There are 2 protein chains.
Amino acid sequence: MQQVPNAEIITIGDELLYGQVVDTNSAFMGQELGKIGLRVRQITSVSDRAAEIVLALDAARERADVVLITGGLGPTKDDLTKNILTEYFRTELVLNEPSLRDVEAIFARFNRPMLEVNRQQAYLPASCTPIRNAMGTAPGMWFEDRGTVFVSMPGVPFEMKRMMTDIVLPKLKEHFQTPAIEHLVIQTAGLGESFLAEQIADWEDALPPNMKLAYLPSLGNVRLRLTGTDDGQPNLRARMEALLPALRERIGAYIFAEEDIPLEEAIGRLLTERGLTIGTAESCTGGFVAHKLTSVAGSSRYFLGSVIAYDNQIKIKQLSVSTETLALHGAVSEETVREMAEGARKNLGVDVAIATSGIAGPDGGTPDKPVGTICIAYADAHQTVSRRFSFNRGRQINIEYTTTAVLNLLRLSLPPVQ
Amino acid sequence: MQQVPNAEIITIGDELLYGQVVDTNSAFMGQELGKIGLRVRQITSVSDRAAEIVLALDAARERADVVLITGGLGPTKDDLTKNILTEYFRTELVLNEPSLRDVEAIFARFNRPMLEVNRQQAYLPASCTPIRNAMGTAPGMWFEDRGTVFVSMPGVPFEMKRMMTDIVLPKLKEHFQTPAIEHLVIQTAGLGESFLAEQIADWEDALPPNMKLAYLPSLGNVRLRLTGTDDGQPNLRARMEALLPALRERIGAYIFAEEDIPLEEAIGRLLTERGLTIGTAESCTGGFVAHKLTSVAGSSRYFLGSVIAYDNQIKIKQLSVSTETLALHGAVSEETVREMAEGARKNLGVDVAIATSGIAGPDGGTPDKPVGTICIAYADAHQTVSRRFSFNRGRQINIEYTTTAVLNLLRLSLPPVQ
């Protein structure tokens, strides 16, 4: 098997070093390069100073077969990357007609006058292959120089991502003739990383040498990514898929999708398949469950609405929770959260409802119900299900964790498709 | 004035290069180092391989007076940093009693048996000054070697942050005797960065040479940070504060805080001062406004609840919006959103309410009301105020921008303190 090509990423901009901007571009590029079989060896963030950028380029070319560079391509005088690369590769700026037409088209679309600084963006180093920018005015540049590929892209995340996906990744695959790589993503919720690993240890150990499993955990949710590398045998993807039934046998109840979508989107599909509408009744999550559900495009087809009830009077009036239940068991109890879910179903006119009540913290805990005590419930026409658990890792994490837990309870409680 | 010391940051971990984890530690460290007057020259992320870590250390020491390192301090066999540093500085591991007591205390607190791997965490390089970890089991390490300071900290963000704040930053200030630096943060909302810059251009141009203004924009909100460096004259902070009245004259209406707190926290204070309770009625923001308000600890003292009404029937039933208004003007209209705010006030029993209705996208637009058409309203006992605007940069950004806009409308509309 051929050597895995080394890649390096250089992100340019004082705002990264000052910490004004978190570098999310590198993580995206790292993920995408991994998927086509390149290894990212180093990520370097440097200032907008020319001498420091040149040092970073020199150092990266020593180690890497390809260097991806983002930032410094805007129209202002802080943006030095294009001029530095022109000098670095001993070439000169020439007008690139297709890029000029792209820039003109953007200004025509927004009906704004084009300035000379924008026209200058269509001048590119003579030795580069221009990369079209479908989302903005700064073209990217592809250089090949003494055995190393250099790719310069804008720092604006959505411009860079589109350029990577449409042009740079296919071109890198072709250039390096990387072996075919396939990925299967299995999304799980409800079991922590180490417990999951324990459940599938024998399955993982039996994977053939050209297949590897990665655990990508976030709050209450573990993404499994099975990566297969071409071993010269046919039907790589089909052979990977043939391993899934044994995985489902072991952890089937925790799998919510066999593709890379978030839990709220998987739930949207389950609801759509069943023709069910949903609403939420939230106390401690304060609207975050509704926010997650409505972050999915098209969610208005099944999400109807919510009642956020911090105040007990709102629990009583809007959600028909009984004063007796509140007096007897308190707001944070399975009894109350069940009535919240049932009340939301009835009052919002939805088919299924989920509810949360808990002590997110940092204040409000009691010896009996410390901060992190959370109750959740699900209600449909046939059943009401509730859970109580304890979890305390700070207010924001408590809110997010509770949200994942209640969405997962919903997933597990929905009736089968008729 | 003395030379500004150069700092470099090295973050260690394959997960950073694979893009499984976004490196947020570097931005935090960059911000904090800037505040005490150090310049971050480069940020480097490297893998868990020993040879590559050593190369990064060698390269950083060439350029920097201080190198901050995070990651690789856990108890598992992937965690190599401590052993690499021990070898790099030609020293040896010795048991550090105070660290051992710290680790033992943590296991005692969680009532779990301590394993040998955890005991090993209390063995530290003989030549380092140990740094206590108040939040976890891995101590940090401070080395001074041939004129360069190296600080190794855990990669877990909340452990690293606490260590930085409590120990590393004070120690760096003392070590480098950096000139006194003062910061004033002025938080603004409602005016874009370039317009803001225009309004205060003369004020900014007249700043003395030892004071600098930075613009830190996020969605609908621009943070201004005035940084003053010691110029040998007394009362630096007082002289900076003396410049604020002239700033307030120019952009006072946009300033929501003269300290570094988010808009939702500033609003919590305004409501508390006035003894007012609040609720929200949300369509397009889907609970995000309620989520923002309730992300503030202690918000249950003024936030009572919300109705999220995607569905028109919920707007009618829960928010008392009239069927005529909906038929005549549509759900996305100032007329409807005003009734939503007024209905929320009445039905939730709150003093003030804010409401949103709009087309977040990507679908649902019409020629008359394209995606990004947003209506917001504010209602209290004396007045109802509404606004309509257009803005389309994708569903999630539309939701966040609308949230900032309605919170800012609330801020500007609240009655004065009695």
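What counts, and at which threshold
Residues numbered from 1 in each chain as written. Chains lettered and ligands numbered in written order. Predicted model: local features only at pLDDT ≥ 70, side-chain atom pairs only at ≥ 80, totals over all residues. Heavy atoms only, no water. Helix = DSSP H or I, 4+ residues; strand = E, 2+ residues; numbered from the N terminus. Buried < 20%, exposed > 50% of the residue type's maximum accessible area, 1.4 Å probe, protein only. Areas by Shrake-Rupley, 256 points an atom, 1.4 Å probe, with all protein chains shown as cover. Lys, Arg positive; Asp, Glu negative; His and termini not counted. Charge placed at Lys NZ, Arg CZ, Asp CG, Glu CD. Pairing = 2+ DSSP bridges. Axes fitted to C-alpha atoms, helices over the stretch in contact; angles between N-to-C directions. Contact = heavy atoms within 4.5 Å. Parallel < 35°, antiparallel > 145°, perpendicular 65-115°, else oblique. Left-handed = near helix turned anticlockwise from the far one by under 90°. Nonpolar A, V, L, I, M, F, W, Y, C, P; charged D, E, K, R; others polar. Domains from an automatic or database assignment. Buried area = accessible area lost by both parts, 1.4 Å probe. Polar contact = N/O pair within 3.5 Å; in protein donor to acceptor, adjacent residues only side chain to side chain. Arc of directions from axis to C-beta. Salt bridge = Lys/Arg side-chain N within 4 Å of Asp/Glu carboxyl O. Least-squares fit on C-alpha atoms with pLDDT ≥ 70 in both. UniProt positions renumbered as here; feature names shortened; annotations may be inferred.

> Just to check I follow, could you spell out the overall build of chain A for this structure?
Across its full length, chain A holds 17 helices and 17 strands. Taking all 418 residues of chain A together, the buried fraction comes to 55%. Split by element, the accessible area of chain A, about 18,300 Å² in all, is 50% carbon and sulfur. Put simply, chain A has 41 plus and 51 minus side-chain charges, and the middle of one group is 2 Å from the middle of the other.

> Which parts of the structure should I look at to understand the sheet that holds strand 10 (residues 211-218) of chain A?
Pairing between the strands of a sheet comes from backbone hydrogen bonds, and it takes one of two forms, parallel or antiparallel. Residue and element names in this part refer to chain A. With antiparallel pairing, the four strands of this open sheet are ordered in space as 10-11-9-12. Across the chains shown, the open sheet's two edge strands, defined by having one partner strand only, are strand 10 and strand 12 (255-257). Averaged over all adjacent pairs, the angle separating strand axes in this sheet is 30 degrees, with direction ignored. As defined by bridge partners, strand 9 (residues 181-189) adjoins strand 11 (residues 221-229) across nine bridges and the pair is classed as antiparallel. When the bridges of strand 11 are listed, Q187 appears paired with R223. Most of the contacts of helix 11 (residues 244-251) go to strand 9, to which it runs at about 15 degrees, and overall it touches strand 9, strand 11 and strand 12.

> How should the packing of helix 12 (residues 263-274) of chain A against helix 17 (residues 395-413) of chain A be read in this particular structure?
Each pair of packed helices can be described by the angle between their axes along with the distance between the axes. Residues and elements named next belong to chain A. Two elements in contact, helix 12 and helix 17, have axes whose closest approach is 10 Å; the angle formed by their N-to-C orientations is 25 degrees. It follows that helix 12 is roughly parallel to helix 17 by the angle criterion. Once helix 12 is placed against helix 17, the crossing between them reads as left-handed. Here L263, E264, I267 and L270 of helix 12 lie close against helix 17, whose contacting residues are T404, L407, N408, L410 and R411. Of the residues contributing to the contact of helix 12 with helix 17, the split by class is five nonpolar, two polar and two charged.

> Please clarify how the domain arrangement of chain A should be interpreted in this entry.
In many analyses, interface size is given as the accessible surface area lost on bringing the parts together. All names here are of chain A. For chain A, the assigned domains read domain 1 (6-176), domain 2 (181-257) and domain 3 (265-413). If you look at the interface, domain 2 gives eight residues, while domain 3 gives nine residues. Across the domain 2 to domain 3 interface the summed buried area is about 650 Å²; carbon plus sulfur atoms make up 65%. Taken together, domain 2 and domain 3 are joined by three residue pairs in polar contact (both at pLDDT 80 or more). Tallied by class, residues from the side of domain 2 that touches domain 3 come to six nonpolar, two polar and no charged.

> In this structure, what is going on with helix 11 of chain A? I would like to understand it.
Side chains that are three or four residues apart share a direction in an α-helix, a result of its 3.6 residues per turn. All names here are of chain A. Buried within helix 11 are the following residues: L244, L247 and I251. Take helix 11 and look down its axis: the buried residues cluster within an arc of 60 degrees, on one side only. Where helix 11 is buried, its residues meet strand 9, helix 8 (193-199), helix 9 (201-205), strand 11, helix 10 (236-241) and strand 12.

> What am I meant to see in the interface of chain A and chain B here?
Contact residues are listed per partner, giving 57 residues for chain A and 57 residues for chain B. Between E52(A) and R39(B) there is a salt bridge, and its shortest N-O distance comes to 2.9 Å. Where chain A packs against chain B, one counts 26 residue pairs in polar contact (both at pLDDT 80 or more). The dominant element in the side of chain A that touches chain B, judged by the number of residues it contributes, is strand 2 (residues 39-46) of chain A, at eight residues. Broken down by class, the residue content of the side of chain A that touches chain B amounts to 26 nonpolar, 21 polar and ten charged. When strand 14 (residues 303-309) of chain A meets strand 14 (residues 303-309) of chain B, the two strands line up antiparallel, connected through five bridges.

> Just checking my understanding: could you explain the environment of D48(A) for this structure?
All names here are of chain A. Its location among the elements puts D48 in the loop between strand 2 and helix 3 (50-63). With relative accessibility at 18%, the residue D48 sits in the buried group. A C-alpha to C-alpha distance of 9.0 Å links D48 and G71, two positions 23 residues apart in sequence. Apart from the residues within four sequence positions on either side, D48 is in contact with I12, G13, D14, E15, I53, D78 and L80.

> What am I meant to see in the relation of the copies chain A and chain B here?
Note that the two copies of the chain are related through a rotation about an axis and a translation along the same axis. Mapping chain A onto chain B leaves a residual RMSD of 0.0 Å; the transformation is a rotation of 180 degrees accompanied by 0.0 Å of translation along its axis. This pairing of chains is accounted for by a two-fold axis. A shared interface surface links the copies, since 100% of the contact residues of chain A are contact residues in chain B too.

> Please clarify how the sheet that holds strand 6 (residues 129-131) of chain B should be interpreted in this entry.
Strands sit in the order 6(A)-7(A)-8(A)-3(A)-1(A)-2(A)-2(B)-1(B)-3(B)-8(B)-7(B)-6(B) across an open sheet of twelve strands; the sheet is mixed. The open sheet is flanked by strand 6 (129-131) of chain A together with strand 6 of chain B, the only strands paired with a single partner. Sheet twist, expressed as the mean angle between neighbouring strand axes with direction ignored, is 15 degrees. Where strand 7 (residues 140-145) of chain A lies against strand 8 (residues 148-153) of chain A, five bridges are found, and the strand directions are antiparallel. By the bridge assignment for strand 8 of chain A, E144(A) is matched with V149(A). Helix 2 (residues 25-35) of chain A contacts strand 1 (6-12), strand 2, strand 3 (66-70) and strand 8 of chain A of the sheet and is inclined by roughly 165 degrees relative to strand 1 of chain A.

> Sorry, what's going on with the UniProt feature "domain: MoaB/Mog" (unreviewed entry) in chain A here?
Residues given the UniProt feature "domain: MoaB/Mog" (unreviewed entry) here are residues 8-175 of chain A. In the segment residues 8-175 of chain A, helix accounts for 45% and strand for 23%; the C-alpha atoms at its two ends are 16 Å apart.

> What exactly am I supposed to notice about the side chain of T384(B) here?
Residues and elements named next belong to chain B. With respect to the helices and strands, T384 occurs in strand 17 (residues 384-390). Owing to a relative accessible area of 19%, T384 belongs among the buried residues under this scheme. Here the side chain of T384 touches E342 through a polar contact of 2.7 Å, side chain to side chain. Excluding residues within four positions of it along the chain, T384 makes contact with R338, E342, Y378 and A379.

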